[in-house]
Structures are given as structure tokens and as C-alpha cells.
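Per-entry structural report
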Amino acid sequence: MEERVYDKDPYCRSCEGTVLWCRPAQKQGKTVYEVAFDRVLFYPEGGGQPSDTGTAGEARVLEAHQREGQVVCTLDRPLEPGSQAVQVLDWDR
């Protein structure tokens, strides 16, 4: 189970996390990448509330969802499993 930073500090705007896994997926005819982190900053979509967005390293975080108890972020480019990525919220959104 990942550490959900947003539960501990809802005003946190950035944190570093390790990429647990990354896999390609298709969304609206485009290849995107689903990624899980050991520490996640992005609140997932749910209950009518849209997910947080922002960046993770050089990648844009397009959305976040909870799947089988884990927060999975959808990114516009892959991240290497085991690498560290600084996650930054799009705070203005």
C-alpha cells in the first residue's frame, strides 16, 4: 500500500516518490502510461470529484484513479520503475 500524502497533508504541493511500476495503456486512441508510486500526491477521482493533475518528473499527470485499492496515475510519458520522481500538483486547477 502506497503512502497517500494528500491524506496526511492536504496542502502539500510536492513530494518525491519511487515508481513501483509503469505500463502502457490506451486512452482515446493515444498511448498513455499508468504508474504507481510508493508515495502519491495526487488525489484520485471519485464521488463526482475530478482527480488532481500536475507533473511527475518530466511527465504530465493527466488523471489519477483508485484501482483495487491502489492509486494509479495516468501520465503522458513513461517513468522507469525504481526511479525517483518529484510530483508537483497543478495547484491553480
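Above this note sits the structure.
Numbering of residues starts from 1 in each chain and follows the order in which that chain's sequence is written. Only residues with pLDDT of 70 or above have their local features reported here, since the model is predicted, and side-chain atom pairs are shown and tallied only from 80 upward, although totals for entire chains, interfaces and linings are computed over all residues. Values reported for side chains reflect all heavy atoms of the structure, with hydrogen atoms and water molecules removed beforehand.

Considering the pairing of strand β8 (residues 84–89)
Using the following cut-off: Exposed residues in this analysis have more than 50% of their type's maximum accessible area, buried residues have under 20%, and partly exposed residues fall in between, with area computed by a 1.4 Å probe over protein chains only. Secondary structure counts use DSSP, requiring at least four H or I residues in a row for a helix and at least two E residues in a row for a strand, with both numbered from the N terminus. When DSSP finds at least two bridges between two strands, those strands are taken to pair.
Side-chain alternation along β8 places A85, Q87 and L89 on a buried face and Q84, V86 and V88 on a face that remains uncovered. As defined by bridge partners, strand β2 (residues 14–27) adjoins β8 across five bridges and the pair is classed as antiparallel. Following the sheet pairing, T18 is matched in β8 by Q84. Relative to β8, strand β5 (residues 54–56) runs antiparallel, the two sharing three bridges. Its bridge partner lying in β8, A56 is registered against Q87.

Section: the side chain of T74
We apply this condition: Contact definition: two residues touch when any of their heavy atoms are within 4.5 Å.
Within the secondary structure, T74 sits in strand β7 (residues 70–75). When residues no more than four places from it in sequence are discounted, the contact partners of T74 are V32, Y33, R60, V61, L62 and E63.

Considering the pattern of salt bridges
In plain terms, the rule: One speaks of a salt bridge when a side-chain nitrogen belonging to Lys or Arg is within 4 Å of a carboxyl oxygen belonging to Asp or Glu.
Following the criterion strictly, the structure yields seven salt bridges and no others. In this structure, the salt-bridge partner of K8 is E3, at a minimum N-O distance of 3.3 Å. Within the structure, one salt-bridge network assembled from shared partners comprises E3, K8 and R39.

What about unusual backbone geometry?
The phi torsion at Q28 lies on the positive side, around 50 degrees, for a residue other than glycine. Within the secondary structure, Q28 sits in the loop between β2 and β3 (30–37). Under the relative-accessibility criterion, Q28 is labelled exposed at 77%. With a phi close to 50 degrees, E68 is a non-glycine residue in the positive phi region.

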